[in-house]
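Single-letter residue listing:
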Amino acid sequence: MSEPSTPSPLPPWPAIPPAHGSVVLREFVDADLAVGLDLSTDPYVPLVSTLPPHATEDQARQWVERNRARWATGRGFSFAIADAGSGRGVGQIGLWLDQLHHGRASAGYFIAPRDRGHGRAADALTALTGFAWTIPGLHRVELYIEAWNTASLRTAAHAGYEREGLLRGYLEIGGRRRDMLVLSALRPG
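What counts, and at which threshold
- Residues numbered from 1 in each chain as written.
- Predicted model: local features only at pLDDT ≥ 70, side-chain atom pairs only at ≥ 80, totals over all residues.
- Heavy atoms only, no water.
- Helix = DSSP H or I, 4+ residues; strand = E, 2+ residues; numbered from the N terminus.
- Buried < 20%, exposed > 50% of the residue type's maximum accessible area, 1.4 Å probe, protein only.
- Polar contact = N/O pair within 3.5 Å; in protein donor to acceptor, adjacent residues only side chain to side chain.
- Axes fitted to C-alpha atoms, helices over the stretch in contact; angles between N-to-C directions.
- Parallel < 35°, antiparallel > 145°, perpendicular 65-115°, else oblique.
- Left-handed = near helix turned anticlockwise from the far one by under 90°.
- Contact = heavy atoms within 4.5 Å.
- Nonpolar A, V, L, I, M, F, W, Y, C, P; charged D, E, K, R; others polar.

### Overview of the environment of Ser 49
With respect to the helices, strands and loops of the structure, Ser 49 is situated in the loop between helix H2 (45-48) and helix H3 (57-69). Exposure remark for Ser 49: the relative accessible area of 24% places this residue in the partly exposed category. Between the C-alpha atom of Ser 49 and that of Ile 173, which follows or precedes it by 124 residues, the distance is 10.0 Å. A distance of 2.8 Å separates the side chain of Ser 49 from the backbone oxygen of Val 45, its partner in a polar contact. Looking at Ser 49, its side chain comes within polar contact range of the main-chain nitrogen of Leu 51, at 3.2 Å.

### Some thoughts on the packing of helix H4 (residues 120-132) against helix H5 (residues 150-158)
One can describe the packing of H4 onto H5 by two numbers: an axis separation of 8 Å at closest approach and a directional angle of 45°. Considering their axes alone, H4 and H5 lie oblique with respect to each other. Classified by chirality, the crossing of H5 by H4 is right-handed. Contacts between H4 and H5 involve Ala 121, Ala 122 and Leu 125 from the first element and Thr 155, Ala 156 and His 158 from the second. Its residues assigned to classes, the contact of H4 with H5 shows four nonpolar, two polar and no charged.

Next up, the structure:
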């Protein structure tokens, strides 16, 4: 199967923000700098994202801007995860569409340390997956999770993702090749 010579344009930004349970997925706003600052204190997030460890306000602001720009640059959808009641940012979730021409996408998510343990990641992943099925031609969403990350594996299972297998030495994280579990959700029907 050949690769397209130019990337396909992304579907439009959703007119109605995806939501499920306790969260709504929205565009990043300046106030989400606080989410970036909190996420940067987690030892793992800086290893697998563009957010540096213990980010300064300027670095967190740049992270917010990078998230704002991902749709416009054709990478995919990067949403702030916000509390459905207050609108306060609690994390980040993305749907990456660089394989859309093959009918698949990948997703990733982070909940800020101070907001973990309330089911928000599963609610956000459920909302994101529902949104994914509105995209024509998308049939599969994949997650790549390290086997030790039991909280993320529970999140994925709660959102309806099924484990498919182990990809040995799949990604370099923190200067070391790491095994990743692949999980997926398939378009209903």
